[in-house]
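What the coordinates show
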Amino acid sequence: MGCCGSAEAQGQAPEQKGARPQKSKPMPMAFAVMRNCHEAVRAGLKECQEAADAGDIKMLKERYAELSRCIDTHAKMEDHGFFPFLNKTFDDALNKGGVGELHEHDDELQTKLKKAIEGGNDDDILAAFKTWKEDHLSHLVKEEKVAGPLVPKYAKTLGRDPIKMGAAFNEYVLKPEAVQDLDFFAGYCTGMLSKHGSQKQDGFTAMRVFAVGLQYGTTPEQWRLALPEIKKAVPADMYKKLVDEFDIEADGKQVRAV
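1. Regarding the overall build of the protein chain
Within the protein chain, the secondary structure is distributed over 11 helices and 0 strands. Reading the protein chain from its N end, one meets helices and strands in the order α-α-α-α-α-α-α-α-α-α-α. Residues counted as buried form 47% of the 258 residues belonging to the protein chain. Across the protein chain, the fraction of contacts at a sequence separation of at least 24, relative to all contacts at a separation of at least 6, is 78%.

Following this line, the structure appears as structure tokens:
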């Protein structure tokens, strides 16, 4: 999937003497995968709620199954790598901030929702979904409040170098438990972000931040698993822009699997 580094090969005009300098590209940030996954989850919750509001229980079950699968991978990234890394680096900051107990409570509420789905009573399903959704939105906010400020602090210690940050992401986040369903995770998040955007970014920007960040945090082998799902999930015009402007079909930037 690698491609040449020349301007012509990347679909860009070669620099000419006297030409106006090209605008610099946004800096890739592998750890933004974690933050923008939260935005994809918010979008998934929104689609679940739309199904619930329409009384379409079948659609609610389908949307929840996809969302829950995404959350499962994200939680593994946090539990097996990201959170222990931040706790070790920042004096147990997440545990002190109450983040450590969030996943256990979320598991309990999701178990109740899954039991309601198995039971087949629509009112029980809707009630269990409402309880879980409201709690999960609070869960996301708390994680962002406690963990969010720590990532820029760590990035500063690496000189905000995209390759070094990607290496740290690969080592501390993409543990074996977290990459088993990486292809689905990548496709789900980029699809949701391209469709709904985020609280502060339009659809393309939110999706691009996630996709390029993941490219910088993965090995070539990992990226080859994720990229086809991204291509399927993202509108064709957005994907073309990723190729033309961000070289998204180049290899993953990390040299080793962890």
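Next comes the rest of the write-up.
2. What to know about the packing of aromatic side chains
Evaluation of the coordinates by the stated rule reveals 12 aromatic pairs. Aromatic side chains F31 and Y154 sit 6.3 Å apart centroid to centroid with 85° between the ring planes, which places their arrangement in the edge-to-face category. With F31 in the segment before α1 (32–53) and Y154 in helix α6 (residues 150–157), this residue pair connects regions lying 123 residues apart in the sequence. Residue class for F31 comes out buried when judged on its relative accessible area of 5%. Of the residues examined, Y154 reaches a relative accessible area of 14% and is grouped as buried.

3. Digging into the packing of helix α2 (residues 57–89) against helix α5 (residues 122–147)
Relative orientation of the contacting elements α2 and α5 amounts to 30°, with a least axis distance of 13 Å. The angle between α2 and α5 places the two elements in the roughly parallel class. Between α2 and α5 lies a crossing whose hand is left-handed. From α2, I57, L60, K61, Y64, L67, I71, E78, F83 and L86 reach across to α5, where they touch D122, I125, L126, F129, W132, H136, E143 and A147. A per-class count over the contact of α2 with α5 returns 12 nonpolar, 1 polar and 4 charged.

4. A word on helix α9 (residues 203–217)
Counted at 1.5 Å a residue, the expected span for α9 with its 15 residues is 21 Å, and the 21 Å between its end C-alpha atoms agrees. For α9, the N-terminal cap is D202; the gap from its side-chain oxygen to the backbone nitrogen of F204 is 3.1 Å.

The rules we used
- Residues numbered from 1 in each chain as written.
- Predicted model: local features only at pLDDT ≥ 70, side-chain atom pairs only at ≥ 80, totals over all residues.
- Heavy atoms only, no water.
- Helix = DSSP H or I, 4+ residues; strand = E, 2+ residues; numbered from the N terminus.
- Buried < 20%, exposed > 50% of the residue type's maximum accessible area, 1.4 Å probe, protein only.
- Contact = heavy atoms within 4.5 Å.
- Phe/Tyr/Trp six-rings, centres within 6.5 Å; stacked < 30°, edge-to-face > 60°.
- Axes fitted to C-alpha atoms, helices over the stretch in contact; angles between N-to-C directions.
- Parallel < 35°, antiparallel > 145°, perpendicular 65-115°, else oblique.
- Left-handed = near helix turned anticlockwise from the far one by under 90°.
- Nonpolar A, V, L, I, M, F, W, Y, C, P; charged D, E, K, R; others polar.
- Expected span 1.5 Å × (residues − 1).
- Polar contact = N/O pair within 3.5 Å; in protein donor to acceptor, adjacent residues only side chain to side chain.

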